[in-house]
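An overview of the molecular structure
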Amino acid sequence: MTLGEESTGLSGAEEAELETIRKHRQELLDDIKKLKEEIAEMVAEFECFQEEKQEADNNPGEQTRQLSQRDKILSGGRKKFNMDPEKGIQYLIEHQVLSSDLQDIARFLHKGEGLNKTAIGDYLGRRDPKNIEILQAFVACHQFANLNLVQALRQFLWSFRLPGEAQKIDRMMEAFASWYCKCNPGVFQSTDTCYVLSFSIIMLNTSLHNPNVKDKPHFERFVAINRGIDNGGDLPEELLKNLFESIKNEPFSIPEDDGNDLTHTFFNPNREGWLLKLGGRVKTWKRRWFILTANCLYYFEYTTDKEPLGIIPLENLSVRKVDDPKKPNCFELFNPNCKGQKIKACKTDGDGKVVEGKHQSYKISAATPAERDEWIEAIRTSITQNPFYDLVSARKKKIANKN
């Protein structure tokens with residue numbers, strides 16, 4: 001009887017052993033196919049290298065000039081990407097430094113050389129079908145086989161900065177959970193289990209290592225919040241213990257371009273993005289990168305800056321839509337109880353010193369009416385809302401409904 005035939009007259013143990021053999025055979029075939037593809041790629045690269053070397057030997061000056069020009073274009077494209085990811089990618093494609101193939105774009109982002117991790121996260125989190133396909137290819141660049149969930153999350157969260165918007169987080173963590181389960185079949189009963197546990201681990205990391213959290217969770221609480229997430233059943237306590245101890249002993253490393261002492265503050269903001277801000281003393285509009293987190297609104301000149309230009313505590317402030325003759329889609333931060341007085345805020349002056357802000361209100365312009373409304377809603381709910389808890393709660397309800 002061949003492996004492909006139906007087994008008959010076998011005991012349960014023999015059937016299980018036969019199924020294991022079939023599985024191993026398929027894995028070997030998949031590995032052989034992958035090796036053949038890798039060998040073909042290496043041969044193609046070697047042949048391309050030989051051709052380039054021959055051309056360089058025939059005309060060394062021209063080859064040097066072309067390489068120098070390519071490096072300049074690549075450097076410029078990276079800078080454009082860090083300012084506006086979509087424009088940066090388009091620039092590199094138009095100058096034939098990067099192909100338009102979505103897999104190639106994903107590998108370029110995964111390699112990440114010279115790219116801002118915040119910009120990578122922003123680009124991957126967009127809901128355009130093209131970006132979603134690039135996200136899936138980007139996640140597939142990670143090797144998660146035989147890693148426990150914490151090890152996989154360490155690798156994943158180091159490759160980009162997780163955005164603050166709930167929908168972006170959901171798409172990215174869904175892609176992570178699907179790929180992890182594909183790389184490690186049998187560890188969890190469903191991707192929903194992996195999804196919920198991943199969020200639990202990220203929140204555990206924040207609770208254990210954020211100095212602002214005084215009530216540090218113990219292992220029993222971690223077990224309790226993850227009850228019933230494995231298709232209605234509980235995960236093995238030993239597995240949870242290993243994950244808990246791993247995070248307790250070593251927090252997640254977050255990419256350096258997200259700020260030194262502000263790392264915990266900006267790890268998972270409520271919202272972030274480019275907006276135009278009207279100056280306080282000099283009434284000019286300037287483009288700034290805004291981050292909303294921990295009931296404060298921070299603004300930066302660039303996404304790569306380690307320190308903010310200004311900090312606006314939202315305590316006692318309100319937000320509303322306003323019209324402006326020069327800019328569309330405006331909203332305003334103001335103190336409804338102290339009209340005519342300066343808002344308690346701070347900024348960095350030209351000498352790098354932190355000084356008191358000069359605004360009686362902050363007028364800000366978004367790119368579209370939808371973005372304006374989303375910012376207003378995010379600011380209004382920033383004190384009480386945490387997208388992680390909302391996403392985990394929704395997924396737990398989904399698991400419960402299945403059972």
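Everything in this summary refers to the structure shown in the same document. Everything numeric here is computed off the predicted structure, so don't read it as measured data. (Residues numbered from 1 in each chain as written. Predicted model: local features only at pLDDT ≥ 70, side-chain atom pairs only at ≥ 80, totals over all residues. Heavy atoms only, no water.)

Helix and strand counts for the chain come out as 14 helices and 9 strands. Across the 403 residues that make up the chain, the buried fraction comes to 42%. Split by element, the accessible area of the chain, about 22800 Å² in all, is 49% carbon and sulfur. (Helix = DSSP H or I, 4+ residues; strand = E, 2+ residues; numbered from the N terminus. Buried < 20%, exposed > 50% of the residue type's maximum accessible area, 1.4 Å probe, protein only. Areas by Shrake-Rupley, 256 points an atom, 1.4 Å probe, with all protein chains shown as cover.)

Time to look at a positive patch on the surface. Residues Arg281, Lys286, Lys342, Lys347 and Lys358 make up a contiguous surface patch of positive charge. Note that lysine 347 resides in strand S7 (residues 346-348). Using a relative accessible area of 32% as the deciding quantity, one classes lysine 347 as partly exposed. (Patch = residues over 30% accessible without salt bridge, like charges linked within 9 Å, V, L, I, M, F, W, Y side chains within 5 Å. Salt bridge = Lys/Arg side-chain N within 4 Å of Asp/Glu carboxyl O. Lys, Arg positive; Asp, Glu negative; His and termini not counted. Charge placed at Lys NZ, Arg CZ, Asp CG, Glu CD.)

What follows is about the pattern of salt bridges. Inspection of the entire model under this criterion finds 19 salt bridges. Among the ionic pairs, lysine 321 bridges to aspartate 373, the shortest N-O distance being 3.5 Å. One end of the pair, lysine 321, is in strand S5 (residues 318-322); the other, aspartate 373, is in helix H13 (residues 369-381), with 52 residues separating them in the sequence. Among the residues examined, aspartate 373 registers a relative accessible area of 32% and is labelled partly exposed.

A few words now on the nonpolar core. In this structure, Leu109, Leu149, Met173, Phe176, Leu197 and Ile201 are the most contacted members of the largest nonpolar core, which totals 65 residues. The element that contributes the greatest number of residues to this core is helix H9 (residues 191-209), accounting for 10 residues. Once residues lying within four places of it in the same chain are set aside, the contact partners of leucine 109 are Phe81, Ile89, Leu115, Ile120, Tyr123, Leu124, Ile134 and Phe138. Core analysis: the second largest hydrophobic core is formed by 20 residues, Leu292, Val319, Phe331 and Ile343 among them. (Core = buried A, V, L, I, M, F, W, Y, C linked by side-chain atoms within 4.5 Å. Contact = heavy atoms within 4.5 Å.)

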